[in-house]
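Structure at a glance
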Amino acid sequence: LLLLGLCGGYPVGAQCVASAYNQGTITKKDAQRLLGFCNNAGPSFIFGMVGGILKDIRLCWLLWAGQILSSILIGMLLPDKSTERCRLQSVNRITLTEGFEKSLRICSKVAGWVVLFRSIISVAEKWSLNDLPAFWNAAVSGVLELSNGCVRLQYISDSFSRFLLCGAFLSFGGFCVHLQTKSVVGPLSMRYYWTGKILQALFIVPI
């Protein structure tokens, strides 16, 4: 589940955890704890979009390594570790049509939240967001919606500040990603998820 979360990107990790719980492979307690470190920015976003902004592939490798290391660290630090070994169980097979319809439902939820937050940012720009210095403009946008925040990094002249802010964005995810996650995890509590995302954003700086 951690590997899927690191490779698939937001909110694939959370969706996989929720699916494992719904299939009875893991307990609710374990699923809620896994949400704290199994939902991360994926390499396609880091090397694709972020790479085009930072213009240095080495920084992308460093950012992805930071995601991996911080996720493992959060997983070690979160309380209530299970002492039971999880065992894969047989799952109910679904048809191609059912899988396609399920994927469309998830994509529509994700897209809906993205459209909403980009509309909020657009309104904020007309009021006062564009009056802020480049650093704070990017910071506010990134806390709200990850992609918008990353795009605005190019207006920050200091490369070190740009890199640290980018790492924090990727680790925290933004409120848009958090609501996407909430929409796919069903009855699972987000308690450990919030703890993990905040700690991961803080840990990415020294890493």
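Each chain carries its own residue numbering, running from 1 in the written order of its sequence. Local features are withheld for residues below a pLDDT of 70 in this predicted model, meaning they are given only at 70 or higher, and side-chain atom pairs are given and counted only at 80 or more; totals for whole chains, interfaces and linings count all residues. For side-chain calculations, the full set of non-hydrogen atoms in the structure is used, while hydrogens and water are omitted.

Most often, soluble globular proteins have nonpolar side chains that are buried together. Residues belong to a common nonpolar core when they are buried Ala, Val, Leu, Ile, Met, Phe, Trp, Tyr or Cys residues joined through side-chain atoms within 4.5 Å. Only protein chains enter the accessibility calculation, which uses a 1.4 Å probe; a residue whose area is less than 20% of its type maximum is buried, one above 50% is exposed, and one in between is partly exposed. Val 17, Val 50, Leu 63, Cys 150, Leu 153 and Leu 170 are the most contacted members of the largest nonpolar core, which has 40 residues in total. Residues in contact with Leu 63, not counting those within four places in the same chain, are Ile 46, Val 50, Leu 54, Phe 163, Cys 166, Gly 167 and Leu 170. Residue contacts follow a heavy-atom distance rule, with two residues in contact if any of their heavy atoms lie within 4.5 Å.

We now examine helix α9 (residues 159-172). In an α-helix, one turn spans 3.6 residues, which is why side chains three or four residues apart end up on the same side. A helix here means a DSSP run of H or I that spans at least four residues, while a strand means a run of E at least two residues long, and both kinds are numbered starting from the N terminus. One less than the number of residues in a helix, times 1.5 Å, gives the span that helix is expected to have. Compared with an ideal rise of 1.5 Å per residue, which puts 14 residues at 20 Å, α9 spans 20 Å between its outermost C-alpha atoms and is within 8% of the ideal. All of the buried residues in α9 are Arg 162, Phe 163, Leu 165, Cys 166, Gly 167, Phe 169, Leu 170, Ser 171 and Phe 172. Tucked into the core, α9 has its buried residues touching α4 (43-54), α5 (57-77), α7 (134-144), α8 (146-151), α10 (175-185) and α11 (191-203). Immediately beyond the C-terminal end of α9, within one or two residues, lies Gly 173, with a positive phi of roughly 95°.

Here the focus is the confidence of the model for the protein chain. Scored from 0 to 100, pLDDT records how confident the predictor is in each individual residue. For the protein chain, the mean per-residue pLDDT works out to 86, and 87% of the residues sit at or above 70. By mean pLDDT, helix α6 (residues 96-127) is the weakest element of the protein chain at 79, and helix α3 (residues 28-34) is the strongest at 93.

A word on the pattern of salt bridges. Think of a salt bridge as a Lys or Arg side-chain nitrogen and an Asp or Glu carboxyl oxygen that are within 4 Å of each other. For the structure on display, the rule yields three salt bridges. Arg 58 is paired through a salt bridge with Asp 56; the nearest N and O atoms lie 3.2 Å apart. Owing to a relative accessible area of 63%, Arg 58 belongs among the exposed residues under this scheme.

This next bit is on the packing of α4 against α9. Axis geometry follows a simple rule: fit a line to the C-alpha atoms, using only the stretch in contact for helices, then measure angles between N-to-C directions, giving values from 0 to 180 degrees. The N-to-C vectors of α4 and α9 enclose an angle of 155°; their axes lie 12 Å apart at closest approach. In terms of their interaxial angle, α4 and α9 are classed as roughly antiparallel. Two packed elements cross with a definite hand, and for α4 against α9 that hand is right-handed. Touching Phe 45, Ile 46, Val 50 and Leu 54 of α4 are Arg 162, Cys 166 and Leu 170, all from α9. Polar here means any residue outside two lists: the nonpolar Ala, Val, Leu, Ile, Met, Phe, Trp, Tyr, Cys and Pro, and the charged Asp, Glu, Lys and Arg; Gly therefore counts as polar. When grouped by side-chain class, the residues that make up the contact of α4 with α9 number six nonpolar, no polar and one charged. Oblique is the label for every angle not falling under 35 degrees (roughly parallel), over 145 degrees (roughly antiparallel), or within 65 to 115 degrees (roughly perpendicular). Should the near helix be turned counterclockwise from the far one by less than a right angle, the crossing is left-handed, whereas a clockwise turn marks it as right-handed.

We now examine the packing of α5 against α9. Contact pair α5 / α9: the axes reach a minimum separation of 10 Å and the direction vectors enclose 40°. By the angle between their directions, the pair α5 and α9 is classed as oblique. α5 and α9 meet at a crossing whose hand is right-handed. Contacts between α5 and α9 pair Leu 59, Leu 62, Leu 63 and Gln 67 from the former with Phe 163, Cys 166, Gly 167, Leu 170 and Ser 171 from the latter.

Within helix α2 (residues 12-22), eight of the eleven residues are buried, which leaves the element mostly enclosed by the surrounding structure. Taken as a whole, α2 has its buried residues at Gly 13, Ala 14, Gln 15, Cys 16, Val 17, Ala 18, Ser 19 and Ala 20. Phi turns positive one or two residues past the end of α2, at Gly 24, with a value near 85°.

Structurally, His 178 is set in helix α10. Classification of His 178 as buried rests on a relative accessible area of 2%. Separated by 167 residues in sequence, His 178 and Pro 11 place their C-alpha atoms 8.5 Å apart. What His 178 contacts, discounting residues up to four positions off in sequence, is Phe 172, Met 190, Tyr 193, Trp 194 and Lys 197.

On to a nonpolar patch on the surface. On the surface, a cluster of nonpolar side chains totalling about 360 Å² of accessible area is made up of Ile 72, Leu 73, Met 76 and Leu 77. Its place among the elements puts Leu 73 in helix α5. Among the residues examined, Leu 73 registers a relative accessible area of 32% and is labelled partly exposed. Within this analysis, patches are made of residues with over 30% relative accessible area and no salt bridge. Like charges are joined at 9 Å or less; nonpolar side chains (Val, Leu, Ile, Met, Phe, Trp, Tyr) at 5 Å or less. The Shrake-Rupley method, run with a 1.4 Å probe, gives the accessible areas here. Residue values count only the displayed protein chains as cover.

By the element assignment, Ser 70 lies in helix α5. As used in this structure description, the phrase polar contact means that two N or O atoms lie within 3.5 Å; if the pair is within protein, one of them must be able to donate a hydrogen and the other to accept it, and residues adjacent in sequence are counted only when both atoms belong to side chains. Within polar-contact distance, the side chain of Ser 70 engages the backbone oxygen of Gly 66 at 2.6 Å.

Another point: unusual backbone geometry. Tyr 10 connects to Pro 11 through a cis peptide bond whose omega is -15°. One non-glycine residue, Lys 55, lies in positive phi territory at about 60°. Tracing the backbone through its elements, the reader meets Lys 55 in the loop between α4 and α5. When its relative accessible area of 70% is taken as the criterion, Lys 55 is described as exposed.

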